[in-house]
Amino acid sequence: MSLIGRDPYAYMPELETPRLRLRKLTMRDARDVFAYSRDPEVARHVLWDAHRNIGESRAYIRYMQRKYRMGEAASWGIEWKASGRIIGTIGFMWIQFEHASAEVGYSLARDMWGQGIMTEALREVICYAFETLRLNRVEAIHEVDNPASGAVMRKCGMRYEGCLRQKLRNKGRYVDVDLYAILRSDPRPGAKPPR
């Protein structure tokens, strides 16, 4: 479902945290996107393959830009404010306004792992989902053999809801995924005070 028409000014605004700027991707970001997307370890637990050339990164950015124009669920680029470099993406896989719910997904450059960056980004996106989009539920999944992603979800107040056996086919194999979710009424560690 398109977000255009609901409140176009609220759709995917630039979001900021102490270290990060979440913003729409532009073609100027292609080299940064390629730099982390070509890493097989970054692509290991997501549904896209490691990029083989910068053309694939440009195609991904064009795909996101179409989603921005159509007001569809999409991802922000995660910009490291200290350098201006795009180090990953975070955004909505889908949004269902009739049920006031959404799924969030993310990826991050390997050299930035283990610094609390994705926790910082995910907290901001959850805040946006509840306070601007007025959603009631935000969920996320991760492959069971990627426990670091589950740790990020728990740090943001998401609760484990179960294992979905062989839910996805990724890189030629069926994978089990763990489902986490947070409700508007749940406590949110590190959240900003309500506006």
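Coordinates for the structure precede this section.
Residues numbered from 1 in each chain as written. Predicted model: local features only at pLDDT ≥ 70, side-chain atom pairs only at ≥ 80, totals over all residues. Heavy atoms only, no water.

Draft legend 1. Focus on the overall build of the protein. Tallying secondary structure elements over the protein gives five helices and eight strands in all. Helices and strands appear in the protein in the N-to-C order β-β-α-α-α-β-β-β-α-β-α-β-β. For 195 residues, the compact-globule estimate of 2.2 N^0.38 gives 16 Å, and the C-alpha radius of gyration of the protein, at 16 Å, lies within 12% of that figure. Each principal axis of the C-alpha distribution contributes one length, and for the protein these read about 45 × 40 × 30 Å. Here the protein holds 195 residues, and the buried ones make up 50% of them. (Helix = DSSP H or I, 4+ residues; strand = E, 2+ residues; numbered from the N terminus. Rg over C-alpha atoms; globule rule 2.2 N^0.38 Å. Buried < 20%, exposed > 50% of the residue type's maximum accessible area, 1.4 Å probe, protein only.)

Draft legend 2. Representation of a positive patch on the surface within the structure. Side chains of R31, R58, R62, R66 and R69 sit close together on the surface and give a patch of like positive charge. With respect to the helices and strands, the residue R58 is situated in helix α3 (residues 54-70). (Patch = residues over 30% accessible without salt bridge, like charges linked within 9 Å, V, L, I, M, F, W, Y side chains within 5 Å. Areas by Shrake-Rupley, 256 points an atom, 1.4 Å probe, with all protein chains shown as cover. Salt bridge = Lys/Arg side-chain N within 4 Å of Asp/Glu carboxyl O. Lys, Arg positive; Asp, Glu negative; His and termini not counted. Charge placed at Lys NZ, Arg CZ, Asp CG, Glu CD.)

Draft legend 3. The arrangement of the sheet that holds strand β6 (residues 137-143) in detail. An order of β1-β2-β3-β4-β5-β6-β8-β7 is seen for the eight strands of this open sheet, with the pairing classed as mixed. Each having just a single partner strand, β1 (15-16) and β7 (159-170) make up the two edges of the open sheet. Of the pairings in the sheet, the one linking strand β3 (residues 75-80) to strand β4 (residues 85-96) comprises six bridges and is antiparallel in character. Bridge pairing in β4 places G77 opposite T89. Against the sheet, helix α4 (residues 117-131) engages β1, β2 (20-23), β3, β4, β5 (101-108), β6 and β8 (173-183), with an angle of about 35° to β4. Sheet contacts for helix α5 (residues 147-155): β5, β6 and β8; angle to β6, the most-contacted strand, approximately 160°. (Pairing = 2+ DSSP bridges. Contact = heavy atoms within 4.5 Å. Axes fitted to C-alpha atoms, helices over the stretch in contact; angles between N-to-C directions.)

Draft legend 4. Main features of α3. Compared with an ideal rise of 1.5 Å per residue, which puts 17 residues at 24 Å, α3 spans 25 Å between its outermost C-alpha atoms and is within 8% of the ideal. Every buried residue of α3 is listed here: I54, S57, I61, M64, Q65, K67 and Y68. The buried residues of α3 all sit within an arc of 155° when viewed along its axis, so they share a single face. Of the surrounding elements, those touching the buried residues of α3 are α1 (30-37) and β3. The backbone nitrogen of G55 has a side-chain oxygen 3.0 Å away, supplied by the residue at the start of α3, namely N53. (Expected span 1.5 Å × (residues − 1). Arc of directions from axis to C-beta. Polar contact = N/O pair within 3.5 Å; in protein donor to acceptor, adjacent residues only side chain to side chain.)

Draft legend 5. Inspection of the packing of aromatic side chains at higher detail. Taken as a whole and assessed by the stated rule, the structure comprises four aromatic pairs. A centroid spacing of 5.4 Å and a plane angle of 85° characterise the contact between W76 and Y128, whose relative ring orientation is edge-to-face. Taken together, the residues span a long stretch of sequence, with W76 in strand β3 and Y128 in helix α4 at a distance of 52 residues. Of the residues examined, Y128 reaches a relative accessible area of 3% and is grouped as buried. Cluster of aromatic residues (ring-pair linked, three or more members): W76, F92 and Y128. Its guanidinium or amino end placed over the ring of Y68, K24 lies 5.6 Å from that ring's centre, counting from NZ or CZ. Between the NZ or CZ atom of R169 and the centre of the ring of Y174, over which it lies, the distance is 4.9 Å. (Phe/Tyr/Trp six-rings, centres within 6.5 Å; stacked < 30°, edge-to-face > 60°. Lys NZ or Arg CZ within 6 Å of the ring centre and 35° of its normal.)

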